[in-house]
Amino acid sequence: MTERMEPSNEAPRGDGLRIGLVLTQFNKGHSENMRLACIERLIALDVDPDDIETVRVPGALEAPFALQLMAESGDFDALIAWGPSFVVILTTLRWYRTNLLEE
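Remember, predicted model here, so these are calculated numbers, not experimental data. (Residues numbered from 1 in each chain as written. Predicted model: local features only at pLDDT ≥ 70, side-chain atom pairs only at ≥ 80, totals over all residues. Heavy atoms only, no water.)

*Asks:* How would you sum up the overall build of the protein? Please name residues and give values.
*Replies:* When helices and strands are counted, the protein shows 3 helices and 3 strands. Listing the helices and strands of the protein from first to last along the sequence gives β-α-β-α-β-α. Taken across its 103 residues, the protein has 28% of its residues classed as buried. Accessible surface, the protein as shown: approximately 7,400 Å² in total, 56% of it carbon and sulfur. (Helix = DSSP H or I, 4+ residues; strand = E, 2+ residues; numbered from the N terminus. Buried < 20%, exposed > 50% of the residue type's maximum accessible area, 1.4 Å probe, protein only. Areas by Shrake-Rupley, 256 points an atom, 1.4 Å probe, with all protein chains shown as cover.)

Set out below in structure tokens:
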């Protein structure tokens with residue numbers, strides 16, 4: 001089981017972190033605006049823009065597979081996924097974690 005982290009009053013810092021973004025292509029305009037806002041916030045937290053990698057997938061059904069491949073690569077410290085169908089992604093990931101990882 002993962003160890004629980006205690007809350008901190010320190011501002012989060014992203015320097016030295018490698019971040020992977022998974023972006024669904026459905027409703028590209030909205031998704032792209034969310035991606036740009038996310039990158040802007042990550043840079044404000046001192047994440048180097050060269051340490052942010054974006055992977056685009058057709059829709060919510062492909063996002064968990066992209067996340068899995070990125071997680072298994074060991075190249076990223078954090079993964080962020082979103083799109084208009086984000087609820088489907090969360091539901092799929094929850095099912096994956098519950099039914100496959102805890103066997």
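So that's the structure; there's more coming.
*Asks:* How would you explain the nonpolar core if you had to name every residue and give the values?
*Replies:* Among the nonpolar cores identified, the biggest contains 9 residues, and these are Ile19, Leu21, Leu23, Cys38, Ile39, Leu42, Val47, Ile52 and Trp82. Every element with two or more residues in this core is listed here: strand S1 (19-24) and helix H1 (28-44). Once you skip the residues sitting within four places of it in the chain, Val47 turns out to touch Gly14, Asp15, Leu17, Ile19, Leu42 and Ile52. Core analysis: the second largest hydrophobic core is formed by 8 residues, Val57, Ala66, Leu67 and Ala81 among them. (Core = buried A, V, L, I, M, F, W, Y, C linked by side-chain atoms within 4.5 Å. Contact = heavy atoms within 4.5 Å.)

*Asks:* Kindly report on the environment of Ile52, identifying the contributing residues and their values.
*Replies:* As for its position among the elements, Ile52 is in strand S2 (residues 52-57). Each C-alpha atom of the pair Ile52 and Leu42 lies 8.6 Å from the other, and the pair is 10 residues apart in sequence.

*Asks:* If you had to explain the sheet that holds strand S3 (residues 78-82) to someone new, which residues and values would you point to?
*Replies:* Neighbouring strands of a sheet are bound in pairs by backbone hydrogen bonds; such pairs are parallel or else antiparallel. Ordered by their spatial adjacency, 3 strands build an open sheet running S2-S1-S3, and the pairing between neighbours is parallel. At either end of the open sheet lies a strand with only one pairing partner, and these are S2 and S3. For this sheet the average axis-to-axis angle between neighbouring strands, irrespective of direction, equals 20 degrees. Of the strands in this sheet, S1, S2 and S3 touch H1, which is tilted by about 165 degrees from S1. (Pairing = 2+ DSSP bridges. Axes fitted to C-alpha atoms, helices over the stretch in contact; angles between N-to-C directions.)

*Asks:* Go over helix H2 (residues 63-73) with me, naming the residues and quoting the values.
*Replies:* For H2, the full list of buried residues reads Ala63, Pro64, Ala66, Leu67 and Met70. Looking straight down H2, one finds its buried side chains confined to an arc of 160 degrees; they lie on one side. In this structure, H2 carries Phe65, Leu69 and Glu72 as exposed residues pointing more than 90 degrees from its buried face. (Arc of directions from axis to C-beta.)

*Asks:* Which residues make up the environment of Ala66, and what values go with them?
*Replies:* Structurally, the position occupied by Ala66 is in helix H2. Distance in space between the C-alpha atoms of Ala66 and Ala81 is 9.6 Å, their sequence separation being 15 residues.

*Asks:* Pulling in residues and values, what's your account of H1?
*Replies:* Look at H1: 24 Å from first C-alpha to last across 17 residues, which is about the 24 Å you get at 1.5 Å a residue. What H1 keeps buried is the set Ser31, Arg35, Cys38, Ile39 and Leu42. The buried residues of H1 occupy one face: seen down the axis, they fall within an arc of 100 degrees. In H1, the exposed residues that point more than 90 degrees away from the buried face are Asn33, Glu40, Arg41 and Ala44. Tucked into the core, H1 has its buried residues touching S1, S2 and S3. Among the residues trailing H1, Asp46 stands out with phi positive, at a value near 75 degrees. (Expected span 1.5 Å × (residues − 1).)

Distances and angles like these do not, on their own, reveal function.
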